[in-house]
Amino acid sequence: MKTLCVDIILQVIIKIPGVFMSRRTGFILANLHQGTGVQVWKCINEESLSAGDNSLFVFPGGRLGYKKADEYLRNSIYRFATPENLDGAVVWGSTLAGTATWKEAESFVQTLSKRMPVVSMGIGIEDVPSVNFDAYSGTYRMVEHMIKRHGARKIAFLRGPENHESAQDRFQAYLDALKDNSIAFNPKLVSSPVAWGEGEAAIKEIVEKNGMIPSKDFTALVCPSDLMNRMATIYLEEKGYFVPDDVATAGFNDTPEVHLSTVESTTVRMPLKEMVESSFSLIDDMEKNKDGVFPNISLPSVPIYRRSCGCTDPFGSADNARKTIKTWDDYEAWINNRFSDKEAAKVLIYILKDMFLERRLVNSENRRHYEDMSWRYLKHGGTMKLFFSVIKWARILLGVRELPSEEMDLLHDIIMEQSARVTASNNMTSSIKNKAYNALGAELVKALSFKDMGTALSSKLPEIGISKAFVFLSDVDGESRLITGFNESKVWEEGEPFSGSMLYPEDMEDEFDKGVFLVLPLFYDSSVVGYMIMKNE
């Protein structure tokens, strides 16, 4: 039993990425370790800074009934989403559809909403307050951008999952944009519906099965996700085609994949941070006033123009820039819309005001100030290219002073140095976490008892930001039992059995009264054996 527990605990910990609520709120979603899940996890961590004295339990329980890689086994933790364990929940329903249909995902959310306050994120459901985004308009604008700005008339499209309503909205936007611009629909330029991770298979279908030749039969490719766009781009480049020279491309979501290709990817930004903030603000109101009437919220998706579509400026065109930006307020709003991480936008605006409104010169006297600001900007996801582009367009659009060559040279040196510093810092953080994980594995293998396992966990997990963790095993009689765990002051002994419907026993209530907690399933050889609760710092 000890060897089995070592194995499954290591499997769980290695997938941790890396939370605001004495009410107990749940957040249910498919995953935190890939795609938009990683960004949402970051948003949750930022929200936790102003959380107060409440608890948030995060349940990354996989797509409903999804058999591949035994993902359905993770669904086991969804059983804890009950009024006995939670005062309310935000459910990112659109992530739950896999082999399950969209209707089944809706039914899952509706069932929960009959038990307790629920906010549906990503799916509009009758009688359930929701926070959604307009994928249709963002995709429509992107397809029309390819047509009107870049002259594309032969545009291919990769379809997302058939059971995903937002993926279908993106496909419909593609069809409508073609029709509204008098372009005939060519079914050979559209893939069959595929999973988000099957972009290569989708582009292969268009090129190899349908016989469509890149650069000849299609000069633009629009994808419903950045991950699919990344996979399709790799395929095209391996075949000898260049982006955007032969094929202009665009994705959706504005996830880190946009920076992995040779050419930065044009995309449509999903307003994830705004969705998370709105969802938790709404569920907070619902938990305080259970008899209230609450609105549905829809947020816009915004095209982000980069080089992969052929644009050389972030506005899509000089004309569009002049139409969009007329005042400093306009420029600040545009910068805020450009970033998923609002701290990067905030710092960039601060730098611009310093340089141009306060006329704080970029010189040796102010070097430390600009180094600190540049570090913060880059650490929060800002890029060097956008930094200098924003400075250039501030001069063109707003008539600010042109930085003399000595200031531009120093600013360039500062940005280069701080970029290298951010890269080194990220690499060091990753190295420290990998060393801690490897050391933990070695300690767990040597453990001779559950208490030894707890001691090993307590010595290594704090190094990767986990201040407490508890391991529970479930049995066939419907009971659960703590086998080990630790907090800031001690390693816990094995506990008494308690009801398997409860997340934790009553005598452990104080351990979960404040903070953000990950609830992760433990399974082995296609069987669920328990779960682990960890507090993220």
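Just above, that's the structure.
Below, the structure is looked at part by part. All residue numbers here refer to positions counted from 1 along the written sequence of the relevant chain. Local features in this predicted model are restricted to residues whose pLDDT is 70 or higher, and side-chain atom pairs enter the listing and the counts only when it is 80 or higher, whereas totals over whole chains, interfaces and linings include all residues. Water and hydrogen atoms play no part in the side-chain values, which are based on all heavy atoms of the structure.

Some remarks on the overall build of the chain
Line of reasoning, step 1. A run of H or I in DSSP counts as a helix once it spans at least four residues, and a run of E counts as a strand once it spans at least two, with each numbered from the N terminus. On a plain count of helices and strands, the chain comes out with 15 helices and 17 strands.
Line of reasoning, step 2. A globule of 537 residues ought to have a C-alpha radius of gyration of about 24 Å, and the chain, at 25 Å, matches this closely.
Line of reasoning, step 3. When its C-alpha atoms are laid out on the principal axes, the chain stretches across 70 × 60 × 50 Å.
Line of reasoning, step 4. Per-residue burial over the chain gives 55% buried out of 537 residues.
Line of reasoning, step 5. Element-wise, carbon and sulfur atoms account for 49% of the exposed surface of the chain, whose accessible area totals about 23,400 Å².
Line of reasoning, step 6. Counted as positive: Lys and Arg. Counted as negative: Asp and Glu, with His and the chain ends omitted from the count. Working definition for charges: the position is that of NZ of Lys, CZ of Arg, CG of Asp or CD of Glu. A gap of 5 Å separates the mean positions of the 61 positive and 74 negative side-chain charges of the chain. In this setup the radius of gyration rests on C-alpha atoms only. A globule is expected at 2.2 Å times the number of residues raised to 0.38. To sort residues, take the accessible area from a 1.4 Å probe on protein chains only and compare it with the maximum for the residue type: under 20% means buried, over 50% means exposed, and anything in between is partly exposed. The protein chains shown are the only cover counted for residues, whose accessible areas, like all others here, come from Shrake-Rupley with a 1.4 Å probe.

What about the packing of aromatic side chains?
Line of reasoning, step 1. A pair of aromatic rings is counted whenever rings of Phe, Tyr or Trp (Trp by its six-membered ring) have centres within 6.5 Å, and the orientation is called stacked for planes under 30 degrees apart, edge-to-face for over 60 and tilted otherwise. For the structure shown, the criterion picks out 24 aromatic pairs.
Line of reasoning, step 2. A centroid spacing of 6.1 Å and a plane angle of 80° characterise the contact between Phe339 and Tyr377, whose relative ring orientation is edge-to-face. Of this pair, Phe339 sits in the loop between α10 (328-338) and α11 (342-357) while Tyr377 sits in helix α12 (residues 367-379), and the two are 38 residues apart along the sequence. Side by side, Phe339 and Tyr377 carry an identical accessibility label, which is buried.
Line of reasoning, step 3. Arranged with centres 5.0 Å apart and planes meeting at 15°, the rings of Phe472 and Tyr531 form a pair that is stacked. With Phe472 in strand β12 (residues 466-474) and Tyr531 in strand β17 (residues 527-536), the pair connects residues that are 59 residues apart, well separated along the chain. No difference in accessibility class separates Phe472 from Tyr531, as the two residues are buried.
Line of reasoning, step 4. Put simply, the rings of Phe57, Phe470, Trp492, Tyr504, Phe512 and Phe517 touch in pairs and so form one group of aromatic residues.
Line of reasoning, step 5. Geometrically, a lysine NZ or arginine CZ counts as sitting over a ring once it is within 6 Å of the ring centre and also within 35 degrees of the ring normal. Its guanidinium or amino end placed over the ring of Tyr66, Arg63 lies 3.7 Å from that ring's centre, counting from NZ or CZ.
Line of reasoning, step 6. If you follow Arg170 out to its NZ or CZ, it ends over the ring of Phe252, 4.1 Å from the centre.

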